[in-house]
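Survey of secondary and tertiary structure
Listed here are the chains, written in short residue letters.
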Amino acid sequence: MNKYTKIQKKEEVSRKWHEIDATGKILGKLATEIAVILMGKDKPTYTPHVDGGDYVVVVNADKIAVTGKKLTDKKYYRHSGYPGGLSVRTLQEMLDKKPTEVLRKAVERMLPKNKLGKQQINRLKLYVTAEHKHGAQKPEKLEK
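Per an unreviewed UniProt entry, the chain goes by the name Large ribosomal subunit protein uL13 and belongs to Sneathia vaginalis. According to its UniProt record, the chain has this under Function (unreviewed entry): "This protein is one of the early assembly proteins of the 50S ribosomal subunit, although it is not seen to bind rRNA by itself. It is important during the early stages of 50S assembly." Under the heading Subunit (unreviewed entry), UniProt records this for the chain: "Part of the 50S ribosomal subunit."

As structure tokens, then:
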């Protein structure tokens, strides 16, 4: 191994809190930005097998923007496991019923599909309003 390569250990991880206002931001670009922070890829100490990411608080999650005709054309599929159990919702229906789930699913699908990804998605906190209950952690606002 190279003597200059520093591999982060899970005991050495330091986590910060970030707050992002989703008002008017495009869904995919916002989800990518959040996924990078959750994985810790924005830090110089990034190590793929160590969960070194930060916490992300997203406010106004229902005010995200989408481009094109995605509100009517993009579909979310669920299956109950029973015959004929397929249910389909459009993006507009999802935003009306569960606006935070749209962003959660977009971010979750960008994270690793293993135990590490499950740990990382738990550090994502989504809120429909501008208020959140994580003021004690003093999240720093991200403007991009």
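Still more to cover.
Let's shift gears to the overall build of the chain. Summing up its helical and strand segments, the chain has 5 helices and 6 strands in all. Ordered by position from N to C terminus, the α and β elements of the chain give β-α-β-α-β-β-α-α-α-β-β. Dimensions of the chain, computed from C-alpha atoms along their principal axes, come out at roughly 55 × 35 × 30 Å. Split into buried and exposed, the 144 residues of the chain put 39% on the buried side. Taking as baseline every contact in the chain between residues at least 6 positions apart, the subset at least 24 positions apart corresponds to 67%.

On to the sheet that holds strand β5 (residues 124-126). Pairing is parallel across the open sheet formed by 4 strands, whose spatial order is β5-β2-β1-β6. Both outer strands of the open sheet, β5 and β6 (140-141), are each paired with one neighbouring strand and no more. Here strand β1 (residues 17-21) runs beside β6; their pairing, made up of 2 bridges, is parallel. By the bridge assignment for β6, His 18 is matched with Glu 140. Where helix α1 (residues 27-39) meets the sheet, its contacts fall on β1, β2 (55-59) and β5, and the angle it forms with β1 comes to roughly 175°. Contacts from helix α4 (residues 99-108) reach β2 and β5 within the one sheet, and its direction differs from that of β5 by about 160°.

For the rest of this paragraph, the subject is unusual backbone geometry. One non-glycine residue, Asn 60, adopts positive backbone phi at about 55°. Its place among the elements puts Asn 60 in the loop between β2 and α2 (70-73). In this model, Lys 138 sits at a positive phi of 50°, which is unusual for a non-glycine residue.

We now examine the packing of aromatic side chains. Within the structure shown, the criterion is met by 1 aromatic pair. Geometrically, the ring pair formed by Trp 17 and Tyr 55 is stacked, given 4.3 Å between the ring centres and 5° between the ring planes. One end of the pair, Trp 17, is in strand β1; the other, Tyr 55, is in strand β2, and 38 residues separate them in sequence. The exposure class assigned to Tyr 55 is partly exposed, which follows from its relative accessible area of 24%. Note that Lys 74 overlies the ring of Tyr 76, its terminal NZ or CZ placed 5.2 Å from the centroid. Of note, Arg 123 hangs over the ring of Tyr 55, and the distance from its end group to the ring centre comes to 6.0 Å.

The next subject is a positive patch on the surface. A cluster of basic residues, Lys 70, Lys 74, Arg 109 and Lys 113, forms a positive patch on the protein surface. Mapped onto the elements, Arg 109 comes out in the loop between α4 and α5 (115-121).

Taken together, the 5 bridges between strand β3 (residues 75-79) and strand β4 (residues 86-90) define a ladder with antiparallel strand orientation. In the strand pairing of β4, Tyr 77 is matched with Val 88. Linking β3 back to β4 in an antiparallel pair, the connection comprises 6 residues, with Gly 81 at a positive phi of about 100°.

Each value, and the rule that gives it
- Residues numbered from 1 in each chain as written.
- Predicted model: local features only at pLDDT ≥ 70, side-chain atom pairs only at ≥ 80, totals over all residues.
- Heavy atoms only, no water.
- UniProt positions renumbered as here; feature names shortened; annotations may be inferred.
- Helix = DSSP H or I, 4+ residues; strand = E, 2+ residues; numbered from the N terminus.
- Buried < 20%, exposed > 50% of the residue type's maximum accessible area, 1.4 Å probe, protein only.
- Contact = heavy atoms within 4.5 Å.
- Pairing = 2+ DSSP bridges.
- Axes fitted to C-alpha atoms, helices over the stretch in contact; angles between N-to-C directions.
- Phe/Tyr/Trp six-rings, centres within 6.5 Å; stacked < 30°, edge-to-face > 60°.
- Lys NZ or Arg CZ within 6 Å of the ring centre and 35° of its normal.
- Patch = residues over 30% accessible without salt bridge, like charges linked within 9 Å, V, L, I, M, F, W, Y side chains within 5 Å.
- Areas by Shrake-Rupley, 256 points an atom, 1.4 Å probe, with all protein chains shown as cover.
- Salt bridge = Lys/Arg side-chain N within 4 Å of Asp/Glu carboxyl O.
- Lys, Arg positive; Asp, Glu negative; His and termini not counted.
- Charge placed at Lys NZ, Arg CZ, Asp CG, Glu CD.

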